[in-house]
Amino acid sequence: MTTTVNFQLPQQAPAASAVELRGVSREYGSKHATVRALNDVSLSFPTGTWTAVMGPSGSGKSTLLHCAAGLEQVSSGQVFLAGRDITFANDDQLTDMRRREVGFVFQSFNLIGSLTAEQNVALSLKLAGTRVDKSLVRTVLANVGLADRAKHKPRELSGGQQQRVAIARGMVTRPAVLFADEPTGALDTKSARVVLDLLRTMVQTQRQSIVMVTHDPAAAAAADSVVFLRDGVIVDHLARPSATVVAERLAHLEG
Amino acid sequence: MLKLSLRTFAERWQLFVGSIITVMIGVALVQSSLLILISLATYEPPASIPMLQQIELANAYEGGIALLGVTTGFSVFLTAFIVSSTFAFTVSQRRQDLALLRLVGGSRGNVRRLLLSEAAVLGSIGTALGIPFGLLTMELQTNLLISLQLVPEGFTPDFQFWIVAVAIGVGVGIAIAGVYVAARRASKVRPLEALRESGDVRKVMSPGRWIAGLFCLFAALAMTILSALLPSVGAMAVGINAALVASIAMAALSPVVVPLVARIFGFLFRGGLIGTLAQANLRDGVRRSAATAAPLLVLVAMLLAQWGSSETISDGAAEQARRDTRGDLVVSTQGAAVPAIARTSGVELVSPESQVPLTSTFNEVGEVEEPEEPEEGEAPKAPEPAEVITHKASAVATAVDPVAYQRTHVVPMAEGSLADLRGATVAVGAFDTEQTIKLGTMIEAKIGDHPVKLKVVALLPDSIGGGATMLLPRDVVPADVLAAAPTQTVVHLAGGADQGAVVDKLREQGGEVTPMAAWLAETSKKNDQQQTKISTVVMGLSGLYALIAVINAVVIGAAARRREFAAARVSGLRRSQVVRMALVESWGVTAIGLVLGALAAVTTLIGIGASTARITGSGGVTIPWLMVGLVVLGAFVVVGCTSIWTALSATRARPVTLIGARE
Ligand SMILES: Nc1ncnc2c1ncn2[C@@H]1O[C@H](COP(=O)(O)OP(=O)(O)O)[C@@H](O)[C@H]1O
Ligand SMILES: [Mg+2]
């Protein structure tokens, strides 16, 4: 595979990109063996769009997402998030970013088990230092179709419902970027569809920027564009993807 | 934030209830021991009873004070140890929750404050329960002391209101202090850890833990050496603390040992599925294994150190008595009967030892400082007057016939000689534990109602288990006091005399007659019993507390493993196999606790053994094998049962219900 994709990079982090990586590498490992999970990746995720990140297992998708969200330190390169250089941000700054600028949705739903759906959503607001507006919480839960489940605890909800609570929690602070790692990975087709429609609505109505890692071509097809990773390198890019094309490219990469 | 932690209560109740229980019992123990101690310390014997009894009673109380001092010390130590290790453990068990809090925007400060305020709440609840529970404990402890005849019948400790402040300080203070380090560490959790199942990926042995562990280890060894060199009184005090410090060291360093024990286990159970899994779990859950082993370790260390050293000491005392005492019979009578014993045919020599009450004052003269050289043109300075401290003390002294005494007790004096024990003189022994008295010191004493000035002519050698407090020549004791004094007379039989006939004759004259060998055995048995009583008081309730902490740690450790157990079942293990896996694993932890606890106890036993050997010139450590056996058996049974029970209850739900949802 010799395809190299070059993205034109402006010198300044443009307001048009929600997240931008410049020459980012991330290595893991000890003295004995180092794994280069990301290898000189330059990439920008435009504001108000939904980008899917695809690739074979172990290609570095999650690492890319973690680095972009400031959850992981990069070994080299620079990361801009919501117009700020977070490459060397300290913990307080990153905490602040998590409170205001980013939201997360993960494959395992990561709700706090002891709190109800409503309380899980409200916790994000509380940590962001915003006055907890009960009606806002209710509205957001209603937006994800869970108005009647506000008082339920995670274990009383189905996987799809838990994931929608997670999305509501990720969204309630109106973050600049929503990061999602395999958000439909643990869901059946129907629940997955509901979640994807929800994300699509957010992009369309609120110009929400979304970075989503997935290995499901159907999920990727719901996004505005797809980038493909292999061995820590970006090897392909598709705009307005269709599920069939995505599946073909992926099969090609894995083959 | 606190609301979040209260919410969490329902989910993690084992953790919180466990924490509260440790605080509650700790507070109760400290409060109870302290109240009894204070009541003993402020006790005045009634003036209406005879002098000798007054002094004996005061001595009994003094013994009680020393005993309760040790008991209180142990309680405080255990409470600090158990509460802080339990709290730290619960925090480490919630790492993933805390990472999640960080992921959704919680700051380090948020996490720290959450944990600290939680500790304050749990500490307060524990204290609030501990204060009334402490009153019950006090009743129990007092009854124990009375039934063991360590304090007089009818002794009732008083409640003091300031104890509430102490209890709060102990309960809330230790909880917060214990959680502080753990909270700082937990607040550094990376948000990403919320996404991993791996638990705490950071090294368990942090540099701080290494430093603390090694520091305590060296401190314990230093104490061992010190206790080997100190006189008997100090040796016990320093020696017993060596095991405490060593158990902190062992607990801190235990994670290093876990993989080693895991490997041994893997070898023992090689090939078997359960053994392999248990070995892997031991290694993977180093922190959990270490935290569960910690209370067991300290329990074992304290039990073995206390019992081992008290048996060593009482054996040493018996050995010393056997070696130093010469005679055929011991006759117990009043002082007045001594001449009749001496006149009995077949008796060659009598050495009477009469117990007489004595109150005294003496002055300790400090070092005289040399005046500095006067400077040019200045008047020479007057020498500073030496500092004089006046001591007052009462004691039961032993009135002896110095010549006969030297033939029945063949032991060289530390300083001076019993040959000079004539007239208004005294030889000082255990009376002067602080060693302030020197040869030539004048002691103003009152024997009965008769004032005398006694010159110190000899210092008795150090002796295991006390020995005589002071020796007086019989002729300084007023005749009436002497006649009424309880007296033990050591008798040498004349060559060829028939022991049976002499015994019969002495019995006819009235008096309890015991052959020397039997008398020594009886004394040694009484000593043993006394030591056992003391150990029971010191370790009884503390031991129960540590035992509860052991159970607690097993419960807390299993509480967080429901999903892990469920995953094991989903991958094909039967429920009984999961329970067996947990059992084998918990026995691995038990073995770690036992071995490390025994190692910690060794520091005490070596110190006390060396000190005993030095003083008696022979012997060494007595290992209480019965106790060791009971402890080993008990530990495996208790930990095993708890672990079966917790594993059963953690696997009660069908696995699928746990695999999906986060707990
Ligand atoms: N914390 C880590 N420590 C060591 N290696 C890691 C770590 N996280 C990821 N890796 C390695 O980096 C590579 C990329 O991992 P990841 O980004 O999780 O892949 P993906 O999400 O595409 O499946 C893999 O080879 C993985 O083993
Ligand atoms: Mg991944």
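Calculation rules
- Residues numbered from 1 in each chain as written.
- Chains lettered and ligands numbered in written order.
- Predicted model: local features only at pLDDT ≥ 70, side-chain atom pairs only at ≥ 80, totals over all residues.
- Heavy atoms only, no water.
- Helix = DSSP H or I, 4+ residues; strand = E, 2+ residues; numbered from the N terminus.
- Rg over C-alpha atoms; globule rule 2.2 N^0.38 Å.
- Contact = heavy atoms within 4.5 Å.
- Lys, Arg positive; Asp, Glu negative; His and termini not counted.
- Charge placed at Lys NZ, Arg CZ, Asp CG, Glu CD.
- Domains from an automatic or database assignment.
- Buried area = accessible area lost by both parts, 1.4 Å probe.
- Polar contact = N/O pair within 3.5 Å; in protein donor to acceptor, adjacent residues only side chain to side chain.
- Nonpolar A, V, L, I, M, F, W, Y, C, P; charged D, E, K, R; others polar.
- Salt bridge = Lys/Arg side-chain N within 4 Å of Asp/Glu carboxyl O.
- Pairing = 2+ DSSP bridges.
- Near = heavy atom within 4 Å.
- Areas by Shrake-Rupley, 256 points an atom, 1.4 Å probe, with all protein chains shown as cover.

A. Representation of the overall build of chain A. From N to C terminus, chain A includes 8 helices and 10 strands. For a compact globule of 255 residues, the expected C-alpha radius of gyration is about 18 Å, and chain A comes in at 18 Å, within 12% of that figure. Taking the principal axes of the C-alpha coordinates as reference, chain A spans close to 55 × 40 × 40 Å. Pairs at least 24 apart in sequence give 65% of the contacts found in chain A among residues at least 6 apart. The distance from the centre of the 27 positive side-chain charges to the centre of the 23 negative ones in chain A is 7 Å.

B. Fine view of the domain arrangement of chain B. All names here are of chain B. The assigned domain composition of chain B is domain 1 (1–196), domain 2 (205–324 + 518–663) and domain 3 (347–367 + 384–493). Contacts between the two partners involve 5 residues from domain 1 and, on the opposite side, 9 residues from domain 3. Counting the surface lost from both domain 1 and domain 3, the interface buries some 520 Å², and carbon and sulfur atoms represent 83% of this. Summed over the shared surface of domain 1 and domain 3, the number is 0 residue pairs in polar contact (both at pLDDT 80 or more). Counted by class, the side of domain 1 that touches domain 3 contains 3 nonpolar, 1 polar and 1 charged residues.

C. Quick look at the interface of chain B and chain A. Each side of the interface is counted separately: chain B has 24 residues, and chain A has 23 residues. For the pair chain B and chain A, the two sides together bury roughly 2300 Å², of which 58% comes from carbon and sulfur. There are 3 salt bridges connecting chain B and chain A. A salt bridge links Glu72(A) to Arg190(B), with the shortest nitrogen-to-oxygen separation between them at 2.6 Å. Along the contact surface separating chain B from chain A lie 8 residue pairs in polar contact (both at pLDDT 80 or more). Of all the secondary-structure elements, those providing two or more residues to the side of chain B that touches chain A are helix H1 (2–11), helix H4 (95–103) and helix H5 (108–147) of chain B.

D. Representation of the side chain of Thr86(B) in the model. Structurally, Thr86(B) is set in helix H3 (residues 51–93). Each residue touching Thr86(B), except ones within four places of it in the same chain, is listed here: Gly18(B), Ser19(B), Thr22(B) and Ile556(B).

E. Examining the pairing of strand E7 (residues 450–459) of chain B more closely. Residues and elements named next belong to chain B. Relative to E7, strand E4 (residues 415–416) runs antiparallel, the two sharing 2 bridges. Bridged to glutamate 415 within E7 is leucine 459. Summarising the sheet, strand E5 (residues 425–428) and E7 pair through 4 bridges and their orientation is parallel. By the bridge assignment for E7, valine 428 is matched with leucine 459. As paired elements, strand E6 (residues 442–447) and E7 share 6 bridges and run antiparallel to each other. Note on E7: the bridge partner recorded for lysine 446 is proline 451. Here E6 hands over to E7 after 2 residues, with glycine 448 in that stretch at a positive phi of 65°.

F. Representation of the site of ligand 1 in the model. In the vicinity of ligand 1 there are 12 residues, among which Gly58(A), Gly60(A), Lys61(A), Ser62(A) and Thr63(A) approach most closely. Among the chains of the assembly, those with residues near ligand 1 are chains A and B. The backbone of Gly58(A) places a nitrogen or oxygen atom 2.7 Å from an oxygen atom of ligand 1. Protein burial of ligand 1: of its 560 Å² of free accessible surface, 62% is covered by the chains. Those elements that place two or more of their residues in the shell around ligand 1 are strand E2 (34–46) and helix H1 (61–68) of chain A. It is H1(A) that contributes the most residues to the shell around ligand 1, 3 residues altogether. Residue composition of the shell around ligand 1, by class: 4 nonpolar, 6 polar and 2 charged.

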